[in-house]
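Residue-level structure breakdown
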Amino acid sequence: APRAAQAALAGALSPLADWRAENAAEIARRAAAFRTALAEAEGWPIRAIGAYFAYVEHPFAGRSSTTVARDLAQNYGLLCLPGAFFGPDQDRYLRFAFANVDVPTIGLIAGRLNSATR
């Protein structure tokens, strides 16, 4: 980056320390809420999780991730991306984004996933 931009950014980092800490804590709360919700959803193991997304195995052997994602969206109000979008041999997986969802709403996920498997 140009030197002027580096200098401006350096001056902005300290005043934003509280905001950065609050934001990091909120993102951590959302990830923890997602872990809790999936622990309560039978047959939906988290295979990988980060600060913004989780890669989850779906319990529907023989069904494509595209079909499962469409069903979750249309019938249960859950949006996720099919694992097939991320490469071959990913049809058993779905990617859920949770960084822009508040904790109370994340808490609704388990009930919806459990309804989908009944």
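Anyway, here's the lowdown on the structure attached to this text. (Residues numbered from 1 in each chain as written. Predicted model: local features only at pLDDT ≥ 70, side-chain atom pairs only at ≥ 80, totals over all residues. Heavy atoms only, no water.)

Structural notes on the nonpolar core
Inclusion rule: What is meant by a nonpolar core is a set of buried Ala, Val, Leu, Ile, Met, Phe, Trp, Tyr and Cys residues, joined one to another through side-chain atoms within 4.5 Å. When a residue's accessible area, from a 1.4 Å probe over protein chains only, is under 20% of the maximum for its type it is buried; when over 50% it is exposed; and in between it is partly exposed. Put simply, DSSP H or I for four residues or longer makes a helix, DSSP E for two residues or longer makes a strand, and each gets a number counted from the N terminus. Any two residues whose heavy atoms approach within 4.5 Å at even a single point are treated as in contact.
Grouped together as the largest cluster of nonpolar side chains are 23 residues, with contacts concentrated most on Phe-34, Trp-44, Leu-72 and Leu-113. Elements supplying a minimum of two residues to this core: helix H2 (17-39), strand E2 (53-57), helix H3 (65-76), strand E4 (93-97) and helix H5 (109-117). No other element matches the five residues that H2 contributes to this core. Discounting residues that sit within four places of it in the chain, Trp-44 has contacts with Leu-38, Val-56, Glu-57, His-58, Pro-59, Phe-60, Val-68, Leu-72, Leu-94, Leu-113 and Thr-117.

Section: the packing of H2 against H5
Basically, it comes down to this: What counts as an axis is a line fitted to C-alpha atoms, over the stretch in contact for a helix, and the angles between N-to-C directions run from 0 to 180 degrees. Here the word oblique covers every angle except those under 35 degrees (roughly parallel), over 145 (roughly antiparallel) and from 65 to 115 (roughly perpendicular). By convention the crossing between two helices is left-handed if the near helix lies anticlockwise of the far one by an angle smaller than a right angle, and right-handed if it lies clockwise. Gly is put with the polar residues, along with every residue not named as nonpolar or charged; the nonpolar set is Ala, Val, Leu, Ile, Met, Phe, Trp, Tyr, Cys and Pro, and the charged set is Asp, Glu, Lys and Arg.
Two numbers describe how H2 lies on H5: the axes approach to 8 Å, and their chain directions differ by 30 degrees. Considering their axes alone, H2 and H5 lie roughly parallel with respect to each other. The crossing of H2 and H5 is right-handed. Counting all contacts with H2, which are made through Phe-34, Ala-37 and Leu-38, the residues of H5 involved are Ile-109, Ala-110 and Leu-113. Split into classes, the residues belonging to the contact of H2 with H5 amount to six nonpolar, no polar and no charged.

Quick word on the side chain of His-58
If you trace the backbone, His-58 turns up in the loop between E2 and H3. What His-58 contacts, discounting residues up to four positions off in sequence, is Gly-43, Trp-44, Arg-63, Ser-64, Ser-65, Val-68, Asp-91, Arg-92, Tyr-93 and Leu-94.

Description of the layout of surface pockets
So the rule is basically this: In this analysis, the protein atoms alone were mapped onto a 1 Å grid. Cavities are point sets where a 1.4 Å probe fits without being able to get out; pockets are open sets with protein on both sides within 12 Å along at least five of seven lines; lining residues have an atom within 4 Å of a point. Grid points are joined across faces, edges and corners, and a volume is the space filled by probe spheres set on the points.
Space inside the largest pocket adds up to approximately 180 Å³. Surrounding the largest pocket, Gly-77, Leu-78, Leu-79, Phe-96, Ala-97, Phe-98, Val-101, Thr-105, Ile-106, Leu-108, Ile-109 and Arg-112 form its lining. Among the secondary structure elements, those contributing two or more residues to the lining of the largest pocket are E4, helix H4 (103-106) and H5. Classifying every residue of the lining of the largest pocket gives nine nonpolar, two polar and one charged.

A few points about the pairing of E4
This is how it is decided: A pair of strands is labelled paired if DSSP reports no fewer than 2 bridges between them.
Residues of E4 alternate between two faces, with Leu-94 and Phe-96 buried on one and Tyr-93, Arg-95 and Ala-97 left unburied on the opposite face. Summarising the sheet, E2 and E4 pair through five bridges and their orientation is antiparallel. Across the sheet, residue Glu-57 finds its bridge partner in E4, namely Tyr-93. Summarising the sheet, strand E3 (residues 81-82) and E4 pair through two bridges and their orientation is antiparallel. Within the sheet, the bridge partner assigned to Leu-81 lies in E4 and is Arg-95.

A short note on the pattern of salt bridges
Think of it this way: side chains of opposite charge can pair up when their charged atoms draw near. Which entries qualify depends on this criterion: By salt bridge we mean one thing: a side-chain nitrogen of Lys or Arg within 4 Å of a carboxyl oxygen of Asp or Glu.
The final tally for this structure, using the stated rule, is four salt bridges. Measuring nitrogen to oxygen at the nearest pair gives 2.7 Å for the salt bridge that ties Arg-29 to Glu-26. Taken together, the positions of Arg-29 and Glu-26, both in helix H2 and three residues apart, correspond to about one turn of that helix. For Glu-26, a relative accessible area of 22% gives the class partly exposed. Across the salt bridge formed by Arg-47 and Glu-57, the nearest N and O atoms sit 2.8 Å from each other. Taken together, the residues span a long stretch of sequence, with Arg-47 in strand E1 (residues 46-49) and Glu-57 in strand E2 at a distance of 10 residues. By relative accessible area, which is 16% here, Glu-57 ends up buried.

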